[in-house]
Amino acid sequence: MFISILTKTIGQTRVLRSSTINRHFSSNLSDYGNVEGIKLSEVADNVLNIQINRPEKRNAFTSTIIAGFRSIFDKLNTDKHFRTAIISNTGDFFTAGIDLNYFSSLYPTGVEDTARKAMRLLWLISNMQETMKSVISCQKPIISVVNGGCIGFGVDLISCTDIRFCSESTFFQVKEVELGLAADMGSLQMLPRIVSNQSFLREVVFTGSKFSSKKGLEHGLVSKVLPDSETAFQSALDVAKLIASRSPIAVQGSKVNLDYARDHSVADGLKFNIVWNIAMLQGEDVMKSAMAIVSKSPEPPKFDDL
């Protein structure tokens, strides 16, 4: 019905301004700077690839890499050019988690007072959690491509992303109980919303046991398991390119509404959706899409950057 209404108005609607999309790779990449342990590249138009790049240490996260991820996702959230991002790894291991050699130096030693030691730990943990919040709150769809081991902080990280693929050789491990603590970077909050079998989830969390890519697929942690890392990345890239070809207004609006619905009642979600769409339905992307459908154009519509 909506399309039929738009069809009647096409003849009366002035021609939309021509697309100003830049089909060349963006120079915006340089704005992200260089972070040791992170490799950035534009692997397709409007698609950012964020690689964990410390293969000699099994891509273990340092404080520099964690801070770098936060900076990247804070910028990506309002980037006008990039429409989606992939998180992947160099080498044959996604990540061994947090590099304990780096973070042991941050532990508040030499402080006898329990309250003051607790406050310093509060600052440390809260600051690290801000990185995860930046991934969760980013309005651009994020795809994780996991190859090899994904341990501890790696599980935290991928659980904050929208879409998760992996290779057959991948294994996962919520390892924190082996280290004598409860995971505090997002796994215990996000995994119950993702994994379909709560008994399985509690088993692997309480025991710290590894589980395979097959189990990850079976219980909903990942949506695709591919034969190898190259195939997994190509599959993710194909999805990312398709997402990037859609209206960025529609895609990001869909993510915002999905995230809102996750944390609110159905009734509240529907009300929020109304408020969102009474503005966004007036945008040019709706008309471009409708005109392409009505005209049965063999070429998909081209949408301007934000």
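All values derive from a computational prediction rather than experimental measurement. (Residues numbered from 1 in each chain as written. Predicted model: local features only at pLDDT ≥ 70, side-chain atom pairs only at ≥ 80, totals over all residues. Heavy atoms only, no water.)

S.K.: Would you mind showing me how to read the confidence of the model for the protein here?
M.R.: Per-residue confidence for the protein averages 89 on the pLDDT scale, and 91% of its residues sit at or above 70. A low-confidence stretch, residues 1-27 (pLDDT under 50), is modelled with 38 contacts involving residues beyond four sequence positions or located in other chains. (pLDDT = per-residue confidence, 0-100. Contact = heavy atoms within 4.5 Å.)

S.K.: Quick question: what am I supposed to make of the pattern of salt bridges here?
M.R.: Should the charged atoms of two oppositely charged side chains come close, the side chains can pair. Overall, the coordinates contain 11 salt bridges when judged by the stated rule. A salt bridge links Arg 83 to Asp 305, with the shortest nitrogen-to-oxygen separation between them at 3.0 Å. Taken together, the residues span a long stretch of sequence, with Arg 83 in the loop between helix H2 (63-77) and strand E3 (84-89) and Asp 305 in the segment after helix H12 (284-294) at a distance of 222 residues. Given a relative accessible area of 26%, Asp 305 falls into the partly exposed group. The shortest N-O distance in the salt bridge between Asp 162 and Lys 255 comes to 2.7 Å. Separated by 93 residues along the polypeptide, Asp 162 in the loop between helix H5 (153-159) and strand E6 (163-167) and Lys 255 in helix H10 (residues 248-262) bring together distant segments of the chain. (Salt bridge = Lys/Arg side-chain N within 4 Å of Asp/Glu carboxyl O. Helix = DSSP H or I, 4+ residues; strand = E, 2+ residues; numbered from the N terminus. Buried < 20%, exposed > 50% of the residue type's maximum accessible area, 1.4 Å probe, protein only.)

S.K.: Explanation requested: the sheet that holds strand E4 (residues 142-146) in the structure shown.
M.R.: In a beta sheet, neighbouring strands pair by backbone hydrogen bonds and run either parallel or antiparallel. Read across the open sheet, the six strands follow the order E1-E2-E3-E4-E6-E9; overall the sheet is mixed. Looking along the sheet, the strands with just one partner apiece sit at the ends: strand E1 (38-44) and strand E9 (224-226). Adjacent strand axes in the sheet meet at a mean angle of 20°, parallel and antiparallel pairs treated alike. Here E3 runs beside E4; their pairing, made up of three bridges, is parallel. Bridge pairing links Ala 85 to Ile 142 in E4. (Pairing = 2+ DSSP bridges. Axes fitted to C-alpha atoms, helices over the stretch in contact; angles between N-to-C directions.)

S.K.: How should the layout of surface pockets be read in this particular structure?
M.R.: A water-sized probe rolled over the atoms picks out the places where empty space is left. If you add up the space inside the largest pocket, you get close to 620 Å³. Taken together, 22 residues form the lining of the largest pocket, with Ile 98, Leu 100, Phe 103, Leu 179 and Leu 181 sitting closest to its centre. Those elements giving two or more residues to the lining of the largest pocket turn out to be helix H3 (100-103), helix H4 (114-137) and H5. With four residues, H4 is the single largest residue contributor to the lining of the largest pocket. Residue composition of the lining of the largest pocket, grouped by class: 14 nonpolar, three polar and five charged. (1 Å grid on protein atoms, 1.4 Å probe; cavity = no way out; pocket = protein on both sides within 12 Å on 5 of 7 lines; lining within 4 Å. Points joined across faces, edges and corners; volume = space filled by probe spheres on them. Nonpolar A, V, L, I, M, F, W, Y, C, P; charged D, E, K, R; others polar.)

S.K.: Would you explain the packing of H10 against helix H11 (residues 266-280) in this entry?
M.R.: How two helices pack is summed up by the angle between their axes together with the distance between the axes. Orientation of H10 relative to H11, taken along the N-to-C sense of each, is 160°, at an axis distance of 10 Å. By the angle between their directions, the pair H10 and H11 is classed as roughly antiparallel. Where H10 crosses over H11, the two elements pack in a sense that is right-handed. Residues Ile 249, Gly 253, Val 256, Asn 257 and Tyr 260 of H10 pack against Asp 268, Gly 269, Phe 272, Asn 273, Trp 276 and Met 280 of H11. (Parallel < 35°, antiparallel > 145°, perpendicular 65-115°, else oblique. Left-handed = near helix turned anticlockwise from the far one by under 90°.)

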